[in-house]
Amino acid sequence: MEKPFQLKLIIRRVSTTASLRWISGAWQVFKRVPLLFIAMFCLTAIISFLLQQHQLTTLIWVFVGPFLTAGFYKTIVGVQQERKVAIDWLFQPLTEPSCRLILMTIGAVKFVMFTPLIAFFERLQTTMSAAVEAQSGMETVVLLQLLALVALFTLVLMLFAYAVAIAYFLKEHRFLVVLQTSFIACWRNVGALLLYGLFSMALLLLTLPTFGLGIIVVAPLLQIAFFLSFNDVFALQVNASEDGVLEV
């Protein structure tokens, strides 16, 4: 019987250049089972695309998405522990009742918070285009609204950045504590995460010559790197013993 993860909560500040370590470490993990990570990314993307074709099925994706993220993260840990991993690891969190409520709550509240921001951004784009064409002098007002929107987007991203990992691996099932912990972790390490974001954009731009096909490598690589940032920020390391326990 597999033993549970034994963790305690420690949030620390890491150096700004830690993002380099995350990305290089991600490559070491990725190249062990590249086809599996690519398959998991493609399968997740297909499920997401199909479910978001209709409003009713979009709600299914809202609740299922966090479980697939947790499954991807669990696979990363399995690879680090040199265990035999397979595509079905992506769906294993769906069968674990202990995390079901908190992950569904994370998915639902994240959707509720992001939806009006996305709608407002789309409306703002239309307003900006109309103001530029009419030369009405409203560009400054729209720009200020855009800056406020970016600030709100950033706030929500910080609240949910580590939410799934905290709920699943740290076994923290108090929703407000999950959000608070994620926000504090991001706030303390904003420099490293900002640099990670810049590296992410650079790697994504490198996929343009491949007509976007390179995304099937870059996207899972960046997802692995972000999980490694979770390990780093929360002072966790993987024990490669048979017990397979993440330790502080």
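So, how was this worked out
Residues numbered from 1 in each chain as written. Predicted model: local features only at pLDDT ≥ 70, side-chain atom pairs only at ≥ 80, totals over all residues. Heavy atoms only, no water. Axes fitted to C-alpha atoms, helices over the stretch in contact; angles between N-to-C directions. Helix = DSSP H or I, 4+ residues; strand = E, 2+ residues; numbered from the N terminus. Parallel < 35°, antiparallel > 145°, perpendicular 65-115°, else oblique. Contact = heavy atoms within 4.5 Å. Nonpolar A, V, L, I, M, F, W, Y, C, P; charged D, E, K, R; others polar. Patch = residues over 30% accessible without salt bridge, like charges linked within 9 Å, V, L, I, M, F, W, Y side chains within 5 Å. Areas by Shrake-Rupley, 256 points an atom, 1.4 Å probe, with all protein chains shown as cover. Salt bridge = Lys/Arg side-chain N within 4 Å of Asp/Glu carboxyl O. Buried < 20%, exposed > 50% of the residue type's maximum accessible area, 1.4 Å probe, protein only. Polar contact = N/O pair within 3.5 Å; in protein donor to acceptor, adjacent residues only side chain to side chain. Core = buried A, V, L, I, M, F, W, Y, C linked by side-chain atoms within 4.5 Å. Phe/Tyr/Trp six-rings, centres within 6.5 Å; stacked < 30°, edge-to-face > 60°.

The geometry of helix α8 (residues 190-205) relative to helix α9 (residues 215-233) is characterised by a closest axis approach of 10 Å and an angle of 170° between their N-to-C directions. As judged from the angle between their axes, α8 and α9 are roughly antiparallel. Note on element contacts: α9 touches α8 through Ile-215, Val-218, Leu-222, Gln-223, Ala-225 and Phe-226, opposite Leu-193, Tyr-196, Ser-200, Leu-203 and Leu-204. For the contact of α8 with α9, the class distribution of residues is 9 nonpolar, 2 polar and no charged.

Once that is clear, we can look at unusual backbone geometry. The phi dihedral of Lys-171 falls on the positive side, at around 55°, and the residue is not glycine. Inspection of the secondary structure puts Lys-171 in the loop between α6 (163-169) and α7 (175-188).

Where nonpolar side chains cluster on the molecular surface, the patch consists of Leu-56, Leu-59, Phe-63, Met-104, Phe-111 and Val-112 and spans about 520 Å² of accessible area. Within the residue set of the nonpolar patch, elements represented by two or more residues are α3 (55-80) and α4 (100-134).

Let us look at the side chain of Asp-232. Take Asp-232: it is sitting in helix α9. With relative accessibility at 10%, the residue Asp-232 sits in the buried group. A distance of 2.7 Å separates the side chain of Asp-232 from the side chain of Arg-12, its partner in a polar contact. Setting aside anything within four residues of it in sequence, one finds Asp-232 in contact with Arg-12, Val-14, Ala-18, Arg-21 and Trp-22.

Turning our eyes to something else, we now look at the nonpolar core. If you look at the biggest cluster of nonpolar residues, it comprises 67 residues, and the most contacted ones within it are Leu-103, Ile-106, Tyr-162, Ile-224, Phe-230 and Phe-234. Looking at which element gives the most residues to this core, the answer is α9, with 10 residues.

Here the focus is the environment of Ile-215. Among the secondary structure elements, Ile-215 is positioned in helix α9. In this structure the C-alpha to C-alpha distance between Ile-215 and Leu-203, which are 12 residues apart in sequence, comes to 9.0 Å. Setting aside residues up to four positions removed in sequence, Ile-215 forms contacts with Phe-41, Leu-204, Thr-207 and Pro-220.

Quick look at the packing of aromatic side chains now. On inspection of all chains with the given rule, the structure shows 16 aromatic pairs. Measuring from ring centre to ring centre gives 5.9 Å for Tyr-162 and Phe-234, while their planes differ by 80°; the resulting arrangement is edge-to-face. Remark: Phe-234 occurs in the loop between α9 and β1 (237-238) and Tyr-162 occurs in the loop between α5 (139-160) and α6; sequence separation between them is 72 residues. Here Tyr-162 and Phe-234 have matching classes, each one buried. Ring geometry for Phe-183 and Trp-187: centres 6.2 Å apart, planes at 15°, overall stacked. Taken as a pair, Phe-183 and Trp-187 lie in helix α7 at a separation of 4 residues, close to a single helical turn.

Turning to the packing of helix α2 (residues 34-51) against α9, a few remarks are in order. Where α2 contacts α9, the axes come no closer than 9 Å and their chain directions differ by 95°. Judged by the inter-axis angle, α2 sits roughly perpendicular to α9. Listed contacts from α9 to Phe-37, Ile-38, Phe-41 and Cys-42 of α2 are Ile-215, Ile-216, Val-217, Ala-219, Pro-220 and Ile-224. In the contact of α2 with α9, the residues fall into 10 nonpolar, no polar and no charged.

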